[in-house]
Amino acid sequence: MAESEDDIEIARHMKPLQDVRVLDFTHVQSGPTCTQLLAWFGADVIKVERPGVGDATRQQLVDVPGADSLYFTMLNHNKRSICLNTKHETGKEVLARLVERCDVLVENFAPGALDRMGFGWDRIQQLNPRMVMASVKGFGPGKFEDCKVYENVAQCAGGSASTTGFVDNLPMVTGAQIGDSGTGLHLALGIVVALLHRERTGRGQKVLAPMQDGVLNLCRVKLRDQQRLNAGPLREYSQFGKGIEFGEATPRAGNDSGGGQPGRILKCKGWEADPNAYTYFITQAAVWPRICELIGKPEWAKDPEYSTPDARLGKLDGIFATIEEWTCTKTKFEVMDICNPLNIPVGPILSMKEIAEDESLRKNGTVVEVDHPERGPYLTVGCPIKFSDHEVAVERSPLLGEHTLEILGDVLGYEGEELKRVVDSGAVGSA
Ligand code: CAO
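Residues numbered from 1 in each chain as written. Predicted model: local features only at pLDDT ≥ 70, side-chain atom pairs only at ≥ 80, totals over all residues. Heavy atoms only, no water.

Undergrad: Where do I start with the overall build of the protein chain in this structure?
TA: A count of helices and strands for the protein chain gives 19 helices and 12 strands. The C-alpha extent of the protein chain, read off along each of the three principal axes, is 90 × 60 × 50 Å. A burial count over the protein chain gives 44% of its 431 residues as buried. Once local pairs closer than 6 in sequence are excluded, the contacts in the protein chain between residues at least 24 apart make up 66%. Carbon and sulfur atoms make up 54% of the accessible area of the protein chain, which amounts to about 22,200 Å² in all. (Helix = DSSP H or I, 4+ residues; strand = E, 2+ residues; numbered from the N terminus. Buried < 20%, exposed > 50% of the residue type's maximum accessible area, 1.4 Å probe, protein only. Contact = heavy atoms within 4.5 Å. Areas by Shrake-Rupley, 256 points an atom, 1.4 Å probe, with all protein chains shown as cover.)

Quick look at the structure:
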(Lines give C-alpha, C1' and ligand atoms only; values in the text may rest on other atoms or scores of the structure.)
Protein backbone atom coordinates (compact mmCIF):
# COMPACT_ATOMS: atom_id res chain seq x y z
CA MET A 1 0.00 0.00 0.00
CA ALA A 2 1.38 3.39 -0.95
CA GLU A 3 2.19 5.69 1.94
CA SER A 4 0.57 9.11 2.09
CA GLU A 5 2.65 12.24 2.62
CA ASP A 6 1.03 12.49 6.07
CA ASP A 7 2.12 8.95 7.04
CA ILE A 8 5.66 9.73 6.00
CA GLU A 9 5.63 12.97 7.98
CA ILE A 10 4.31 11.18 11.10
CA ALA A 11 6.99 8.50 10.78
CA ARG A 12 9.67 11.17 10.53
CA HIS A 13 8.56 12.67 13.83
CA MET A 14 8.57 9.33 15.67
CA LYS A 15 11.76 8.12 17.30
CA PRO A 16 12.56 4.45 16.60
CA LEU A 17 12.41 3.40 20.30
CA GLN A 18 10.14 6.16 21.57
CA ASP A 19 7.75 3.90 23.52
CA VAL A 20 10.52 1.94 25.19
CA ARG A 21 11.40 2.73 28.80
CA VAL A 22 14.76 1.54 30.10
CA LEU A 23 15.70 0.98 33.73
CA ASP A 24 19.38 1.78 33.46
CA PHE A 25 21.35 0.14 36.24
CA THR A 26 24.67 0.56 34.44
CA HIS A 27 27.90 2.16 35.50
CA VAL A 28 31.42 2.86 34.22
CA GLN A 29 31.63 2.29 30.43
CA SER A 30 30.25 -0.92 28.95
CA GLY A 31 26.66 -0.66 30.19
CA PRO A 32 26.40 3.13 29.76
CA THR A 33 27.56 2.81 26.13
CA CYS A 34 24.62 0.47 25.53
CA THR A 35 21.99 2.60 27.25
CA GLN A 36 23.28 5.79 25.61
CA LEU A 37 22.66 4.17 22.23
CA LEU A 38 19.13 3.18 23.29
CA ALA A 39 18.54 6.77 24.42
CA TRP A 40 19.77 8.06 21.06
CA PHE A 41 17.36 5.67 19.35
CA GLY A 42 14.59 7.40 21.32
CA ALA A 43 14.10 5.28 24.46
CA ASP A 44 13.35 6.94 27.81
CA VAL A 45 16.44 5.88 29.76
CA ILE A 46 16.21 6.20 33.55
CA LYS A 47 19.60 5.89 35.18
CA VAL A 48 19.34 4.60 38.75
CA GLU A 49 22.20 5.81 40.95
CA ARG A 50 23.15 5.53 44.60
CA PRO A 51 22.16 8.70 46.53
CA GLY A 52 25.09 11.03 47.07
CA VAL A 53 27.46 8.74 45.15
CA GLY A 54 26.18 7.92 41.71
CA ASP A 55 28.11 6.29 38.91
CA ALA A 56 31.75 6.16 40.07
CA THR A 57 32.90 7.74 36.81
CA ARG A 58 31.26 11.05 37.76
CA GLN A 59 34.29 11.56 39.99
CA GLN A 60 36.96 9.80 37.93
CA LEU A 61 39.62 11.64 35.87
CA VAL A 62 38.13 14.96 36.97
CA ASP A 63 39.37 17.91 34.91
CA VAL A 64 36.97 20.62 36.16
CA PRO A 65 36.74 20.55 39.98
CA GLY A 66 33.14 20.22 41.17
CA ALA A 67 31.81 19.17 37.75
CA ASP A 68 30.95 15.70 36.44
CA SER A 69 33.96 14.27 34.60
CA LEU A 70 34.13 13.94 30.83
CA TYR A 71 34.31 10.19 31.39
CA PHE A 72 30.75 10.37 32.76
CA THR A 73 29.28 13.10 30.58
CA MET A 74 30.47 11.48 27.34
CA LEU A 75 28.76 8.15 28.14
CA ASN A 76 25.47 9.29 29.61
CA HIS A 77 23.83 11.69 27.18
CA ASN A 78 20.05 11.83 26.70
CA LYS A 79 19.35 9.98 29.99
CA ARG A 80 17.46 10.92 33.15
CA SER A 81 18.91 10.28 36.62
CA ILE A 82 17.08 9.09 39.72
CA CYS A 83 18.89 8.60 43.04
CA LEU A 84 17.62 5.51 44.80
CA ASN A 85 19.10 3.39 47.57
CA THR A 86 18.08 -0.05 46.40
CA LYS A 87 19.23 -1.66 49.64
CA HIS A 88 16.72 0.41 51.66
CA GLU A 89 13.25 -1.11 52.19
CA THR A 90 11.44 1.85 50.62
CA GLY A 91 14.07 1.95 47.87
CA LYS A 92 13.21 -1.68 47.05
CA GLU A 93 9.52 -0.74 46.86
CA VAL A 94 10.33 2.06 44.39
CA LEU A 95 12.60 -0.23 42.40
CA ALA A 96 9.85 -2.86 42.15
CA ARG A 97 7.53 -0.21 40.72
CA LEU A 98 10.23 0.80 38.22
CA VAL A 99 10.59 -2.81 37.13
CA GLU A 100 6.83 -3.02 36.58
CA ARG A 101 6.79 0.10 34.43
CA CYS A 102 9.91 -0.37 32.32
CA ASP A 103 10.44 -2.52 29.24
CA VAL A 104 14.14 -3.18 29.61
CA LEU A 105 16.50 -3.47 32.58
CA VAL A 106 20.17 -3.07 31.70
CA GLU A 107 22.88 -3.77 34.27
CA ASN A 108 26.60 -4.38 34.44
CA PHE A 109 27.13 -4.99 38.14
CA ALA A 110 29.58 -7.55 39.36
CA PRO A 111 28.12 -11.08 39.13
CA GLY A 112 25.46 -11.74 41.78
CA ALA A 113 24.87 -8.10 42.78
CA LEU A 114 21.27 -8.01 41.51
CA ASP A 115 20.45 -11.27 43.30
CA ARG A 116 21.92 -9.88 46.51
CA MET A 117 19.70 -6.81 46.03
CA GLY A 118 16.69 -9.16 45.84
CA PHE A 119 16.06 -8.53 42.13
CA GLY A 120 17.25 -11.68 40.39
CA TRP A 121 15.67 -12.96 37.18
CA ASP A 122 12.86 -14.89 38.95
CA ARG A 123 11.72 -11.81 40.86
CA ILE A 124 11.97 -9.61 37.76
CA GLN A 125 9.81 -12.04 35.78
CA GLN A 126 7.29 -12.17 38.60
CA LEU A 127 7.03 -8.40 38.61
CA ASN A 128 7.03 -7.97 34.85
CA PRO A 129 6.95 -10.99 32.50
CA ARG A 130 7.49 -8.67 29.52
CA MET A 131 10.78 -7.37 30.89
CA VAL A 132 13.93 -7.75 28.81
CA MET A 133 16.77 -8.07 31.31
CA ALA A 134 20.13 -7.35 29.73
CA SER A 135 23.52 -7.79 31.37
CA VAL A 136 27.16 -7.23 30.64
CA LYS A 137 29.47 -9.54 32.56
CA GLY A 138 33.19 -10.12 32.17
CA PHE A 139 32.82 -13.82 31.36
CA GLY A 140 29.97 -16.11 30.40
CA PRO A 141 29.07 -19.21 32.42
CA GLY A 142 32.17 -21.20 33.32
CA LYS A 143 35.12 -21.11 35.65
CA PHE A 144 35.60 -17.33 35.48
CA GLU A 145 31.94 -16.31 35.71
CA ASP A 146 32.33 -14.73 39.16
CA CYS A 147 35.23 -12.45 38.22
CA LYS A 148 35.07 -8.68 38.09
CA VAL A 149 36.36 -7.47 34.76
CA TYR A 150 37.56 -4.21 33.24
CA GLU A 151 38.40 -3.29 29.64
CA ASN A 152 41.98 -4.53 29.45
CA VAL A 153 41.20 -7.81 31.20
CA ALA A 154 38.62 -8.48 28.49
CA GLN A 155 41.05 -7.53 25.72
CA CYS A 156 43.55 -10.00 27.17
CA ALA A 157 41.03 -12.81 27.74
CA GLY A 158 39.29 -12.32 24.38
CA GLY A 159 42.40 -12.89 22.25
CA SER A 160 43.03 -9.27 21.31
CA ALA A 161 46.20 -8.64 23.34
CA SER A 162 47.99 -11.81 22.23
CA THR A 163 47.46 -10.84 18.59
CA THR A 164 48.18 -7.10 18.90
CA GLY A 165 51.66 -5.55 18.88
CA PHE A 166 54.85 -6.67 17.18
CA VAL A 167 56.02 -10.25 16.96
CA ASP A 168 59.21 -9.59 18.93
CA ASN A 169 57.56 -7.57 21.68
CA LEU A 170 54.99 -7.67 24.50
CA PRO A 171 51.30 -8.43 23.94
CA MET A 172 49.50 -5.09 23.62
CA VAL A 173 46.08 -3.65 24.40
CA THR A 174 44.44 -1.35 21.86
CA GLY A 175 43.15 2.17 22.42
CA ALA A 176 39.75 1.26 20.96
CA GLN A 177 37.60 0.17 23.90
CA ILE A 178 36.50 -3.07 22.33
CA GLY A 179 35.88 -4.72 25.72
CA ASP A 180 33.70 -2.00 27.18
CA SER A 181 32.15 0.01 24.35
CA GLY A 182 32.33 -2.98 21.99
CA THR A 183 30.35 -5.14 24.42
CA GLY A 184 27.90 -2.29 25.02
CA LEU A 185 27.21 -2.28 21.29
CA HIS A 186 26.68 -6.03 21.22
CA LEU A 187 24.26 -5.76 24.13
CA ALA A 188 22.27 -2.95 22.49
CA LEU A 189 21.73 -5.15 19.46
CA GLY A 190 20.67 -8.03 21.70
CA ILE A 191 18.13 -5.80 23.44
CA VAL A 192 16.59 -4.54 20.23
CA VAL A 193 16.27 -8.11 18.96
CA ALA A 194 14.69 -9.23 22.25
CA LEU A 195 12.20 -6.35 22.01
CA LEU A 196 11.31 -7.38 18.47
CA HIS A 197 10.84 -10.96 19.68
CA ARG A 198 8.64 -9.69 22.53
CA GLU A 199 6.42 -7.97 19.98
CA ARG A 200 5.60 -11.41 18.59
CA THR A 201 5.50 -13.50 21.76
CA GLY A 202 4.59 -11.09 24.54
CA ARG A 203 7.48 -12.47 26.60
CA GLY A 204 10.62 -10.81 27.83
CA GLN A 205 13.89 -12.68 28.15
CA LYS A 206 17.40 -12.49 29.57
CA VAL A 207 20.14 -11.15 27.30
CA LEU A 208 23.78 -11.61 28.28
CA ALA A 209 26.81 -10.06 26.58
CA PRO A 210 30.04 -11.32 28.16
CA MET A 211 33.01 -9.04 27.46
CA GLN A 212 35.36 -11.92 26.62
CA ASP A 213 32.92 -13.18 23.99
CA GLY A 214 32.42 -9.69 22.54
CA VAL A 215 36.17 -9.16 22.17
CA LEU A 216 36.58 -12.58 20.58
CA ASN A 217 33.78 -11.79 18.14
CA LEU A 218 35.77 -8.73 17.06
CA CYS A 219 38.94 -10.86 16.81
CA ARG A 220 37.43 -13.68 14.78
CA VAL A 221 39.95 -13.31 11.94
CA LYS A 222 42.65 -14.24 14.44
CA LEU A 223 40.86 -17.50 15.26
CA ARG A 224 40.64 -18.01 11.50
CA ASP A 225 44.44 -17.64 11.32
CA GLN A 226 44.91 -20.01 14.27
CA GLN A 227 43.32 -22.75 12.18
CA ARG A 228 45.13 -21.75 8.99
CA LEU A 229 48.42 -22.34 10.83
CA ASN A 230 47.73 -26.08 10.52
CA ALA A 231 48.23 -25.70 6.79
CA GLY A 232 51.60 -23.94 7.11
CA PRO A 233 53.02 -20.44 7.77
CA LEU A 234 50.76 -17.42 7.32
CA ARG A 235 52.36 -16.02 4.20
CA GLU A 236 50.66 -12.62 4.32
CA TYR A 237 52.17 -11.88 7.77
CA SER A 238 55.35 -9.83 7.41
CA GLN A 239 57.21 -12.25 9.68
CA PHE A 240 56.97 -14.75 6.81
CA GLY A 241 58.95 -12.42 4.55
CA LYS A 242 61.48 -11.88 7.34
CA GLY A 243 62.02 -15.61 7.69
CA ILE A 244 60.80 -15.70 11.32
CA GLU A 245 59.33 -19.08 12.18
CA PHE A 246 55.71 -19.38 13.26
CA GLY A 247 54.88 -20.95 16.64
CA GLU A 248 51.76 -22.78 17.76
CA ALA A 249 49.48 -19.75 18.09
CA THR A 250 48.40 -16.83 15.90
CA PRO A 251 51.27 -14.35 16.31
CA ARG A 252 51.18 -10.57 16.72
CA ALA A 253 51.02 -9.03 13.28
CA GLY A 254 52.24 -5.48 13.89
CA ASN A 255 50.55 -3.20 11.39
CA ASP A 256 50.06 -5.86 8.74
CA SER A 257 46.58 -5.71 7.30
CA GLY A 258 44.46 -8.64 8.38
CA GLY A 259 43.10 -9.55 4.98
CA GLY A 260 44.57 -10.76 1.73
CA GLN A 261 45.60 -7.23 0.67
CA PRO A 262 48.94 -6.43 2.35
CA GLY A 263 49.19 -3.05 4.04
CA ARG A 264 51.56 -1.18 6.36
CA ILE A 265 51.91 2.13 8.17
CA LEU A 266 54.46 4.24 6.32
CA LYS A 267 56.22 7.50 7.14
CA CYS A 268 55.11 10.69 5.46
CA LYS A 269 56.69 14.13 5.10
CA GLY A 270 57.33 15.62 8.54
CA TRP A 271 57.46 12.29 10.44
CA GLU A 272 60.68 13.36 12.19
CA ALA A 273 58.77 15.97 14.22
CA ASP A 274 55.13 14.87 14.05
CA PRO A 275 54.27 11.55 15.77
CA ASN A 276 51.25 11.16 13.50
CA ALA A 277 52.77 12.01 10.10
CA TYR A 278 52.07 8.53 8.76
CA THR A 279 49.72 6.90 6.30
CA TYR A 280 48.28 3.42 6.04
CA PHE A 281 49.01 2.10 2.56
CA ILE A 282 47.33 -0.96 1.06
CA THR A 283 48.82 -2.70 -1.96
CA GLN A 284 45.50 -3.91 -3.28
CA ALA A 285 46.14 -6.37 -6.10
CA ALA A 286 43.71 -4.76 -8.54
CA VAL A 287 45.64 -1.47 -8.54
CA TRP A 288 49.17 -2.86 -8.41
CA PRO A 289 50.17 -1.42 -11.84
CA ARG A 290 49.08 2.07 -10.68
CA ILE A 291 51.09 1.73 -7.48
CA CYS A 292 54.16 0.73 -9.51
CA GLU A 293 53.72 3.76 -11.75
CA LEU A 294 53.25 6.08 -8.77
CA ILE A 295 56.37 4.98 -6.90
CA GLY A 296 58.59 5.05 -9.97
CA LYS A 297 58.81 1.29 -10.46
CA PRO A 298 56.69 0.75 -13.60
CA GLU A 299 58.75 -2.35 -14.46
CA TRP A 300 57.35 -4.16 -11.35
CA ALA A 301 53.91 -4.26 -12.97
CA LYS A 302 54.97 -6.88 -15.50
CA ASP A 303 57.99 -8.45 -13.78
CA PRO A 304 56.90 -12.00 -12.73
CA GLU A 305 58.94 -11.49 -9.53
CA TYR A 306 56.50 -8.73 -8.52
CA SER A 307 53.44 -8.85 -10.74
CA THR A 308 51.32 -11.32 -8.73
CA PRO A 309 50.23 -11.10 -5.07
CA ASP A 310 51.79 -14.51 -4.45
CA ALA A 311 55.15 -13.48 -5.88
CA ARG A 312 55.14 -10.36 -3.70
CA LEU A 313 54.39 -12.06 -0.39
CA GLY A 314 57.99 -12.86 0.48
CA LYS A 315 59.23 -9.41 -0.56
CA LEU A 316 56.80 -7.13 1.23
CA ASP A 317 59.48 -5.48 3.40
CA GLY A 318 61.40 -4.30 0.33
CA ILE A 319 58.24 -3.30 -1.51
CA PHE A 320 56.92 -1.21 1.37
CA ALA A 321 60.38 0.38 1.88
CA THR A 322 60.23 1.55 -1.75
CA ILE A 323 56.66 2.84 -1.35
CA GLU A 324 57.79 4.66 1.80
CA GLU A 325 60.52 6.47 -0.13
CA TRP A 326 57.63 7.96 -2.12
CA THR A 327 55.26 8.64 0.83
CA CYS A 328 58.11 10.41 2.67
CA THR A 329 58.05 13.08 -0.04
CA LYS A 330 54.34 13.85 0.63
CA THR A 331 52.22 14.80 3.61
CA LYS A 332 49.69 12.20 4.74
CA PHE A 333 46.92 14.34 3.22
CA GLU A 334 48.77 14.69 -0.10
CA VAL A 335 49.11 10.90 -0.18
CA MET A 336 45.34 10.67 0.29
CA ASP A 337 44.66 13.27 -2.41
CA ILE A 338 46.92 11.55 -4.93
CA CYS A 339 45.96 7.93 -4.20
CA ASN A 340 42.19 8.25 -3.88
CA PRO A 341 41.52 9.18 -7.52
CA LEU A 342 43.66 6.18 -8.48
CA ASN A 343 41.55 3.90 -6.24
CA ILE A 344 44.60 3.06 -4.13
CA PRO A 345 43.31 2.58 -0.56
CA VAL A 346 45.26 4.74 1.91
CA GLY A 347 44.39 6.36 5.25
CA PRO A 348 46.04 9.23 7.09
CA ILE A 349 46.90 8.50 10.73
CA LEU A 350 44.70 11.16 12.33
CA SER A 351 45.47 12.49 15.79
CA MET A 352 42.62 13.12 18.24
CA LYS A 353 43.37 16.84 17.80
CA GLU A 354 42.79 16.54 14.04
CA ILE A 355 39.62 14.50 14.62
CA ALA A 356 38.30 17.08 17.09
CA GLU A 357 38.74 19.75 14.42
CA ASP A 358 37.48 17.68 11.47
CA GLU A 359 34.79 19.60 9.61
CA SER A 360 33.02 16.59 8.09
CA LEU A 361 32.74 14.76 11.41
CA ARG A 362 31.21 17.86 12.96
CA LYS A 363 28.84 18.36 10.05
CA ASN A 364 27.69 14.74 10.28
CA GLY A 365 26.94 15.00 13.98
CA THR A 366 29.68 12.56 14.98
CA VAL A 367 31.82 15.16 16.76
CA VAL A 368 29.38 17.30 18.71
CA GLU A 369 29.76 20.26 21.04
CA VAL A 370 27.48 20.02 24.08
CA ASP A 371 26.86 22.60 26.80
CA HIS A 372 26.82 21.58 30.45
CA PRO A 373 25.73 23.68 33.43
CA GLU A 374 28.70 22.71 35.59
CA ARG A 375 31.50 22.49 33.07
CA GLY A 376 30.45 24.62 30.09
CA PRO A 377 30.88 23.41 26.50
CA TYR A 378 32.72 20.18 25.72
CA LEU A 379 33.18 17.90 22.74
CA THR A 380 31.70 14.45 22.54
CA VAL A 381 31.14 11.67 20.05
CA GLY A 382 27.56 11.68 18.80
CA CYS A 383 25.60 8.72 17.48
CA PRO A 384 27.80 6.93 14.93
CA ILE A 385 24.78 5.34 13.24
CA LYS A 386 22.82 7.58 10.87
CA PHE A 387 19.12 7.19 10.03
CA SER A 388 17.26 8.78 7.14
CA ASP A 389 14.14 9.37 9.26
CA HIS A 390 15.63 10.03 12.68
CA GLU A 391 18.08 12.73 13.60
CA VAL A 392 19.83 12.22 16.94
CA ALA A 393 20.05 15.37 19.03
CA VAL A 394 22.74 14.90 21.67
CA GLU A 395 21.53 16.20 25.05
CA ARG A 396 23.83 16.71 28.03
CA SER A 397 24.14 14.03 30.69
CA PRO A 398 21.96 14.40 33.79
CA LEU A 399 23.22 15.76 37.09
CA LEU A 400 23.10 13.24 39.92
CA GLY A 401 19.43 12.75 40.86
CA GLU A 402 18.32 15.58 38.59
CA HIS A 403 15.09 13.81 37.67
CA THR A 404 14.28 11.95 40.89
CA LEU A 405 11.05 13.81 41.69
CA GLU A 406 9.95 13.94 38.06
CA ILE A 407 10.35 10.14 37.72
CA LEU A 408 8.69 9.36 41.08
CA GLY A 409 5.70 11.40 39.92
CA ASP A 410 5.35 11.00 36.12
CA VAL A 411 6.61 7.45 35.70
CA LEU A 412 5.81 5.83 39.05
CA GLY A 413 2.67 7.74 39.99
CA TYR A 414 3.72 8.76 43.51
CA GLU A 415 1.89 11.85 44.76
CA GLY A 416 0.67 13.52 47.92
CA GLU A 417 1.24 11.61 51.17
CA GLU A 418 2.71 8.62 49.37
CA LEU A 419 5.32 10.77 47.67
CA LYS A 420 6.14 12.45 50.98
CA ARG A 421 6.59 9.05 52.62
CA VAL A 422 9.05 7.95 49.96
CA VAL A 423 11.01 11.21 50.05
CA ASP A 424 11.08 11.30 53.87
CA SER A 425 12.28 7.69 54.05
CA GLY A 426 15.75 8.74 52.94
CA ALA A 427 15.75 6.08 50.19
CA VAL A 428 15.83 8.66 47.40
CA GLY A 429 17.92 11.72 46.72
CA SER A 430 17.74 14.58 44.28
CA ALA A 431 20.15 17.12 42.81
N1 CAO B 1 21.73 1.51 45.82
C2 CAO B 1 22.37 0.69 46.69
N3 CAO B 1 23.38 -0.12 46.33
C4 CAO B 1 23.76 -0.08 45.02
C5 CAO B 1 23.13 0.75 44.09
C6 CAO B 1 22.08 1.57 44.53
N7 CAO B 1 21.42 2.40 43.71
N8 CAO B 1 23.72 0.57 42.90
C9 CAO B 1 24.68 -0.34 43.10
N10 CAO B 1 24.70 -0.73 44.37
C11 CAO B 1 25.58 -1.72 45.01
C12 CAO B 1 25.32 -3.10 44.43
O13 CAO B 1 24.19 -3.70 45.01
C14 CAO B 1 26.63 -3.78 44.77
O15 CAO B 1 26.63 -4.14 46.15
P16 CAO B 1 27.04 -5.61 46.69
O17 CAO B 1 28.45 -5.84 46.24
O18 CAO B 1 26.91 -5.48 48.16
O19 CAO B 1 26.13 -6.61 46.11
C20 CAO B 1 27.59 -2.62 44.55
O21 CAO B 1 26.90 -1.43 44.68
C22 CAO B 1 28.10 -2.58 43.08
O23 CAO B 1 29.06 -3.30 43.03
P24 CAO B 1 29.98 -3.76 41.80
O25 CAO B 1 30.66 -4.94 42.39
O26 CAO B 1 29.27 -3.93 40.55
O27 CAO B 1 30.95 -2.49 41.66
P28 CAO B 1 32.53 -2.48 41.73
O29 CAO B 1 32.90 -1.05 41.62
O30 CAO B 1 33.04 -3.22 42.90
O31 CAO B 1 32.98 -3.27 40.41
C32 CAO B 1 33.05 -3.66 38.06
C33 CAO B 1 32.95 -2.64 39.18
C34 CAO B 1 32.90 -2.92 36.76
C35 CAO B 1 34.41 -4.36 38.10
C36 CAO B 1 31.92 -4.71 38.21
O37 CAO B 1 30.70 -4.04 38.31
C38 CAO B 1 31.86 -5.70 37.09
O39 CAO B 1 32.68 -6.63 36.99
N40 CAO B 1 30.87 -5.57 36.20
C41 CAO B 1 30.63 -6.48 35.11
C42 CAO B 1 31.64 -6.33 34.02
C43 CAO B 1 31.69 -4.93 33.48
O44 CAO B 1 30.73 -4.34 33.08
N45 CAO B 1 32.92 -4.43 33.37
C46 CAO B 1 33.13 -3.21 32.67
C47 CAO B 1 33.45 -2.13 33.55
S48 CAO B 1 33.91 -0.78 32.60
O49 CAO B 1 32.70 -0.59 31.64
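Undergrad: Could you clarify how one ought to interpret empty space enclosed by the protein in this entry?
TA: Over the atoms rolls a probe the size of a water molecule, and its path tells where empty space is left. Going through the model one piece at a time under the given rule, you end up with 2 cavities of 30 Å³ or more. Here the second largest cavity defines a volume of roughly 30 Å³. Every residue along the wall of the second largest cavity is listed here: Glu236, Tyr237, Ser238, Asp256, Ser257, Pro262, Gly263, Arg264 and Leu316. Split by residue class, the lining of the second largest cavity holds 3 nonpolar, 3 polar and 3 charged. (1 Å grid on protein atoms, 1.4 Å probe; cavity = no way out; pocket = protein on both sides within 12 Å on 5 of 7 lines; lining within 4 Å. Points joined across faces, edges and corners; volume = space filled by probe spheres on them. Nonpolar A, V, L, I, M, F, W, Y, C, P; charged D, E, K, R; others polar.)

Undergrad: Would you mind showing me how to read the state of the cysteines here?
TA: Working definition of a disulfide: a covalent bond connecting the sulfur atoms of two cysteines. Applying the stated criterion across every chain yields a total of 0 disulfides. No disulfide involves Cys156; its nearest neighbouring cysteine sulfur is the one of Cys219, lying 11 Å away. Unpaired in this structure, Cys383 has its nearest cysteine sulfur neighbour in Cys34, at a distance of 13 Å. Residue classification places Cys383 among the buried residues on the basis of a relative accessible area of 4%. (Disulfide = S-S within 2.5 Å.)

Undergrad: I'm lost on the site of the ligand in this one. Help?
TA: Looking at the ligand, there are 23 residues lining it, with Ser30, Lys87, Arg116, Lys148 and Val149 nearest. The side chain of Lys87 places a nitrogen or oxygen atom 2.7 Å from an oxygen atom of the ligand. Separating an oxygen atom of the ligand from a side-chain N or O atom of Asp180 is a distance of 3.0 Å. Expressed as a share of its isolated accessible area of 950 Å², the protein-covered part of the ligand is 84%. Examining the composition of the shell around the ligand, we find that 3 residues originate from one element, helix 5 (residues 113-117), more than from any other. Of the residues contributing to the shell around the ligand, the split by class is 10 nonpolar, 7 polar and 6 charged. (Near = heavy atom within 4 Å. Polar contact = N/O pair within 3.5 Å; in protein donor to acceptor, adjacent residues only side chain to side chain.)

Undergrad: Looking at this structure, I do not really get unusual backbone geometry. What am I missing?
TA: The phi torsion of most residues other than glycine is negative, and most of the peptide bonds are trans. The residue Val28 is not glycine, and still its phi comes out positive at about 60 degrees. Relative to the assigned elements, Val28 resides in the loop between strand 1 (21-25) and helix 2 (30-40). In this structure Val28 comes out as buried when scored by relative accessible area, which is 16%. Here the phi dihedral of Asn343 falls at roughly 65 degrees; this positive angle occurs in a residue that is not glycine. Relative to the assigned elements, Asn343 resides in the loop between helix 15 (332-339) and strand 9 (346-348). On the basis of relative accessible area, Asn343 is assigned to the exposed category, the value being 52%.

Undergrad: What am I meant to see in the packing of aromatic side chains here?
TA: For any two aromatic rings, the description comes down to two numbers: the centre-to-centre distance and the angle of the planes. On inspection of all chains with the given rule, the structure shows 6 aromatic pairs. Ring geometry for Phe139 and Phe144: centres 5.1 Å apart, planes at 50 degrees, overall tilted. Taken together through their ring pairs, the aromatic side chains of Trp288, Trp300 and Tyr306 make up a single cluster. Across the ring face of Trp288, the terminal group of Arg312 is positioned such that the distance to the ring centre comes to 4.0 Å. Taking NZ or CZ as reference, Lys315 lies 5.5 Å from the ring centre of Tyr306, over its face. (Phe/Tyr/Trp six-rings, centres within 6.5 Å; stacked < 30°, edge-to-face > 60°. Lys NZ or Arg CZ within 6 Å of the ring centre and 35° of its normal.)

Undergrad: Sorry, what's going on with the environment of Leu361 here?
TA: Topologically, Leu361 is positioned in helix 17 (residues 359-363). If near-sequence neighbours (up to four positions away) are discounted, Leu361 is found in contact with Ile355, Thr366 and Val367.

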